[in-house]
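Read off the chains here:
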Amino acid sequence: MSVHKYTVGLNNVGSYQVSGRPFTKAADQGAGVTTVTFPKVTKQIIFINRGANDMLIYFHTDSPAGNKFTVSAGEQHTFNVKCKHVYTSGTNGQGYTLYASLTHIPEARMFALTGSGITE
């Protein structure tokens, strides 16, 4: 008889059905690209632009312009996505708030986001 240990994972439905652990970050955009790294794999991210100018949020440093999401000044965008980090860019010193709903999946289990829709 085979014994299978049930555990959290990227393809484990239960890992995404439960309420996520909150992760929040209120910060000012630095010069250039800012990386936000999560301690666990996300299930949802809400990005709020608190500044007076548009900001960009994306999933790979090599994302082309068409794969970067514009969040207008004073607006927010919700991403239902699993990832271990996101990148932001905008006006130096511009404020933003980020909320993420985290799974219990260790970030080391998350694969690199590349390819169609990310870096192509």
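The rules behind the values
- Residues numbered from 1 in each chain as written.
- Predicted model: local features only at pLDDT ≥ 70, side-chain atom pairs only at ≥ 80, totals over all residues.
- Heavy atoms only, no water.
- Pairing = 2+ DSSP bridges.
- Helix = DSSP H or I, 4+ residues; strand = E, 2+ residues; numbered from the N terminus.
- Axes fitted to C-alpha atoms, helices over the stretch in contact; angles between N-to-C directions.

### Some words on the sheet that holds strand 5 (residues 69–71)
Taken together, 4 strands build an open sheet; the order of strands is 2-7-4-5 and the sheet is antiparallel. If you trace the sheet from one side to the other, it starts and ends with strand 2 (33–37) and strand 5, each paired once. When strand polarity is set aside, the average angle formed by the axes of neighbouring strands in this sheet is 30 degrees. As judged from the 3 bridges shared by strand 4 (residues 55–58) and strand 5, these two strands associate in the antiparallel manner.

### Description of the sheet that holds strand 6 (residues 76–79)
Spatial ordering of the open sheet is given by 1-8-3-6, a layout of 4 strands whose pairing is antiparallel. Where the open sheet ends on each side, the last strands, each with one partner, are strand 1 (21–28) and strand 6. Across the sheet, the axes of successive neighbouring strands diverge by a mean angle of 20 degrees, strand direction being ignored. With 8 bridges connecting them, strand 3 (residues 40–49) and strand 8 (residues 95–106) associate as antiparallel partners. Residue pairing in the sheet places Ile46 in a bridge with Tyr99 of strand 8.

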